[in-house]
Amino acid sequence: MSKKTRQVVKLIFQIIQNKSLFLFWVMIRFISAFFPLITIYLFSKTINLVETKSDFSAIFFYIIFIFIIRIIDNFSRIKSVTKLDECISNIGFDVHNHFINDIKSETKLERHESIQAVRNFADATMLTLQLFRQPGIDSVVSLFSIPIILLFVDFKVFIIVIAYIVVYYFIDYYTTQHYINFKDIQNTKTETYYAKLQESNDVDLEQKTFSRHFSRLTNWCFTEWFTLQNSAVFFYILIFTYLIISVSSGTKMISDLVLIMSYVGSTQNYLNSFSEIKDSLADMSVAVDHLAKNKSILAIDFDDLV
């Protein structure tokens with residue numbers, strides 16, 4: 001996380017009014033994120049018992065255990081997610097109140113542009129928090145836990161997964177820097193369009209400009225995600241091929257393949273989630289820059305963010 005992003009996150013935390021309630025449900029959400037990892041292990045263990053033709057009572061014990069874990073997972077996850085939705089909705093109002101109350105504009109057009117800048121930042125903040133509460137928290141827990149688990153299960157797969165994460169990170173970092181540039185332009189066009197829309201029906205030029213730059217943004221998003229997903233496919237097939245050879249040669253069992261590929265598949269999903277959060281944090285960073293540069297908004301100092 002860059003220094004600029006840390007400053008934006010710190011700003012958001014300062015704006016939040018009910019910090020204790022928010023942090024409590026974040027903690028519950030973190031706990032709930034461990035249950036799917038446990039379920040994958042229990043599922044693989046059950047398959048192993050079936051493969052080795054173990055007594056049904058032992059298999060049934062694991063089935064009941066999986067059932068209990070899934071019930072606890074559902075309750076803690078859904079409860080924390082719904083409660084965090086309430087907190088995030090209130091945080092949106094906290095952002096509005098923090099900035100709008102200090103707006104000092106000379107004309108209606110300036111006020112409209114300032115209000116839209118605040119809306120852009122509030123929307124980006126709420127989207128980021130929603131992504132963080134699910135699946136972002138799952139991603140944090142899993143991307144720390146899964147490599148550790150694989151280290152003890154299969155060292156070769158562990159090395160490949162670490163290489164996969166590193167390659168994915170560098171691709172994501174490069175593509176996000178370009179995304180920020182496109183998003184900065186798009187936010188400017190958004191503020192201009194909605195400010196003009198509230199003053200006049202003659203917005204053809206603003207609409208065409210908005211659409212042109214939005215097309216550039218979406219084209220880059222395609223390039224970003226297509227590259228990331230292809231890198232994921234390469235490493236997924238590499239690991240899958242290695243495991244197929246291992247099972248065919250008798251050095252591993254089907255249950256090992258199920259266990260490892262389940263964790264590898266989860267790694268891809270959670271890396272995708274991190275990319276979404278990274279882009280959303282980029283949206284917040286761009287939006288807060290627009291707030292800081294807006295002379296009508298006095299609640300933030302641009303010098304604090306550079």
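Shown above is the structure to which this text applies.
A brief report on the enclosed structure follows. (Residues numbered from 1 in each chain as written. Predicted model: local features only at pLDDT ≥ 70, side-chain atom pairs only at ≥ 80, totals over all residues. Heavy atoms only, no water.)

**Things to note about the overall build of the protein chain**
Our working definition: Strands here mean DSSP runs of E at least two residues long; helices mean DSSP runs of H or I at least four residues long; both are numbered from the N terminus. Any residue under 20% of the maximum accessible area for its type is buried, any over 50% is exposed, and the rest in between are partly exposed; the area is computed with a 1.4 Å probe on protein chains only. Contacts are assigned to residue pairs with any non-hydrogen atoms lying within 4.5 Å of each other. This count recognises Lys and Arg as positive and Asp and Glu as negative, with His and chain-terminal groups excluded. Lys charges are placed at NZ, Arg charges at CZ, Asp charges at CG and Glu charges at CD.
Each helix and strand counted, the protein chain has 8 helices and 0 strands in total. For the protein chain, the sequential pattern of α-helices and β-strands runs α-α-α-α-α-α-α-α. Here the protein chain, with 306 residues, has 44% of them falling under the buried criterion. For the protein chain, contacts bridging at least 24 residues in sequence account for 80% of all contacts bridging at least 6. Mean positive and mean negative side-chain charge positions of the protein chain (28 and 29 charges, respectively) differ by 3 Å.

**Some thoughts on the pattern of salt bridges**
To keep things clear, this is the line we draw: Any Lys or Arg side-chain nitrogen found within 4 Å of a carboxyl oxygen on Asp or Glu counts as a salt bridge.
Taken as a whole and assessed by the stated rule, the structure comprises 5 salt bridges. For Arg133, the salt bridge identified is with Asp85, shortest N-O distance 2.8 Å. Of this pair, Arg133 sits in helix α5 (residues 108–153) while Asp85 sits in helix α4 (residues 56–100); the two residues are 48 residues apart in sequence, bridging distant segments of the chain. Across the pair Glu206 and Lys196 runs a salt bridge, and its minimum N-O distance is 3.4 Å. Of this pair, Glu206 sits in helix α7 (residues 204–248) while Lys196 sits in helix α6 (residues 155–197); the two residues are 10 residues apart in sequence, bridging distant segments of the chain. By relative accessible area, Glu206 is classed as buried at 16%. Judged by its relative accessible area of 26%, Lys196 is partly exposed.

**Re the nonpolar core**
So the rule is basically this: Remark: nonpolar core denotes a set of buried residues (Ala, Val, Leu, Ile, Met, Phe, Trp, Tyr, Cys) joined through side-chain atoms within 4.5 Å.
With 56 residues, the main nonpolar core has Phe22, Phe99, Phe121, Leu150, Val157 and Ile239 as its most contacted residues. Going through the elements one at a time, α1 (3–15), α2 (19–32), α3 (35–51), α4, α5, α6, α7 and α8 (254–293) are the ones with two or more residues in this core. Ranked by the residues each element gives to this core, the list is headed by α8, at 14 residues. When neighbours within four sequence positions are excluded, Phe22 is seen to be in contact with Ile16, Leu84, Cys87, Ile91 and Leu129. Membership of the second largest hydrophobic core comes to 7 residues, among which are Leu42, Leu49, Ile66 and Ile69.

**Quick notes on the packing of α1 against α8**
Quick note on the threshold: A fitted line through C-alpha atoms serves as each axis, taken over the contacting stretch for helices, and the angle formed by two N-to-C directions is quoted from 0 to 180°. For classification purposes, angles smaller than 35 degrees are called roughly parallel, those larger than 145 roughly antiparallel, those between 65 and 115 roughly perpendicular, and all remaining angles oblique. Under the grouping applied here, Gly and all other residues not named as nonpolar or charged are polar, the nonpolar ones being Ala, Val, Leu, Ile, Met, Phe, Trp, Tyr, Cys and Pro and the charged ones Asp, Glu, Lys and Arg.
At a closest axis distance of 10 Å, the pairing of α1 and α8 adopts a crossing angle of 80°. The angle between the axes of α1 and α8 places the two elements in the roughly perpendicular class. Contact residues: α1 offers Lys4, Thr5, Val8, Val9, Leu11 and Ile12, while α8 offers Leu281, Met284, Ser285, Val288 and Asp289. When grouped by side-chain class, the residues that make up the contact of α1 with α8 number 7 nonpolar, 2 polar and 2 charged.

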